[in-house]
Structures are given as structure tokens and as C-alpha cells.
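Listed below, chain by chain, are the residues.
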Amino acid sequence: MKRIITFILVFMMTLILSACAFGQKVPKGYINAEEHFDTEGFQDYTDYCKYYYQDKSAVEKDARYSRVSKADIAAISNYFAHFRSSAATDVANAYDFNPDSISEGDYVLIETKEGKPIGDSFYGKYDNYSVYFFDTDSCVLYYLHSNI
């Protein structure tokens, strides 16, 4: 019986660790990080992080990221504006993103649950999202997550 419990525990830990590794959307190779996670949140939370890179090559090579076009700038900016207005206090105090830094040629990855069912309703545009925005001028990747 003890062997079965040990096996189950090891199996569960392996699943948890592999889920963390496969869920990583921040490209490897950053040289510094500032991470601000909502300390009060459990299911509803906001996170704001900055990852500093030597150059843009790590993000440029990541097929999950797309180049920002002129048409994308307003939509990306709207996510940052929403985040600013809804972030938890401890995260909002660290928030220092300048929306004027969004320009053509930057890189972005946006994940959202917009339109997916939740109970008897559907997720709205800003109900649950993650934005990974890489500013090519500063070589900083901004990550924000809101699940409010």
C-alpha cells in the first residue's frame, strides 16, 4: 500500500512539474526579471512581469509570437489600459508600462478566453487574458495576466 501511495505522489508531482514547463510562454534567454504576482489572488488575480533580454533573437525565433502591425497597436494598447484599471493594488504599484512604446515591428502573443463558455455565460474580452509584449527598442518582454 505504501508503494502505491508513493507511486501516486511521484506521478502527481511529475504531472505538475511538466505542466509548468510546457505552460511557459516566456522565451528562455532573459538576463533579468522583475515579477509582480497578485499575493491576494487565488482564482481572480493579476500579474505583471518584465523580462530583460540582450537582444531580440530569442523572441524573434519563437513561432508563437507575431510581429506587431500598425493595425494591432490599438488592440494591444487596450489590453494594457484595461490591466492598469483592474490590477490588484500590489501589482498596480509596480505597473510602469508606457503604451507609447508599442510600435510596428515589436512582437506579441495574446491568449484570451473570450467567447469560451463559462457556466451559463461566455467569457468577455477582458475577463481572462494573458499578454506577452516584446518591445524591440528596449528588449523588454512585458507579461500581464488578468483573470478578474
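Residues numbered from 1 in each chain as written. Predicted model: local features only at pLDDT ≥ 70, side-chain atom pairs only at ≥ 80, totals over all residues. Heavy atoms only, no water.

(A) Region of the structure containing the environment of Ser-138. With respect to the helices and strands, Ser-138 occurs in the loop between β7 (128-135) and β8 (140-147). With 85 residues separating them along the chain, Ser-138 and Tyr-53 place their C-alpha atoms 8.6 Å apart. Separated by 2.8 Å, the side chains of Ser-138 and Asp-135 make a polar contact. (Helix = DSSP H or I, 4+ residues; strand = E, 2+ residues; numbered from the N terminus. Polar contact = N/O pair within 3.5 Å; in protein donor to acceptor, adjacent residues only side chain to side chain.)

(B) Geometry of the confidence of the model for the chain. Averaged over the chain, the pLDDT score is 86; the fraction of residues at 70 or greater is 81%. Of all secondary-structure elements in the chain, the lowest mean pLDDT belongs to helix α1 (residues 2-22), at 42, while strand β3 (residues 66-67) reaches the highest, 98. (pLDDT = per-residue confidence, 0-100.)

(C) Geometry of the pairing of strand β4 (residues 107-112). Summarising the sheet, β3 and β4 pair through two bridges and their orientation is antiparallel. The residue of β4 that forms the bridge with Ser-66 is Val-108. The sheet contact formed by β4 and β7 spans six bridges and is antiparallel. Note on β7: the bridge partner recorded for Ile-110 is Val-131. (Pairing = 2+ DSSP bridges.)

(D) Representation of the sheet that holds strand β2 (residues 45-52). Strand order across the open sheet formed by six strands is β1-β2-β8-β7-β4-β3, with antiparallel pairing between neighbours. A single partner strand is all that each edge strand has here, and the edge strands are β1 (32-37) and β3. Pairing analysis gives eight bridges linking β2 to β8, with the strands arranged antiparallel. Paired with Tyr-45 across the strands is Asn-147, a residue of β8. In the packing of helix α3 (residues 73-86) onto the sheet, the strands contacted are β2, β4, β7 and β8, and the crossing angle to β8 comes to about 60 degrees. (Contact = heavy atoms within 4.5 Å. Axes fitted to C-alpha atoms, helices over the stretch in contact; angles between N-to-C directions.)

(E) Local environment of the packing of aromatic side chains. Inspection of the entire model under this criterion finds 16 aromatic pairs. Between Tyr-132 and Tyr-143, the ring centres sit 4.8 Å apart and the planes meet at 35 degrees, which makes this aromatic pair tilted. Here Tyr-132 is found in strand β7, whereas its partner Tyr-143 is found in strand β8, with 11 residues between them in sequence. The burial state of Tyr-132 is the same as that of Tyr-143; both residues are buried. Of the aromatic side chains, those joined through ring pairs into one cluster are Tyr-30, Tyr-51, Tyr-53 and Phe-134. (Phe/Tyr/Trp six-rings, centres within 6.5 Å; stacked < 30°, edge-to-face > 60°. Buried < 20%, exposed > 50% of the residue type's maximum accessible area, 1.4 Å probe, protein only.)

(F) Quick peek at α3. In this model, α3 (14 residues) spans 20 Å end to end at C-alpha, consistent with the 20 Å of a helix rising 1.5 Å per residue. Among the residues of α3, Ile-76, Tyr-79, Phe-80 and Phe-83 are the ones counted as buried. Considered in projection along α3, the buried side chains sweep an arc of 90 degrees and stay on one side of the axis. Residues of α3 that are exposed and angled more than 90 degrees away from the buried face: Arg-84 and Ser-85. Here the buried face of α3 lies against β2, α4 (89-94), β4, β7 and β8. (Expected span 1.5 Å × (residues − 1). Arc of directions from axis to C-beta.)

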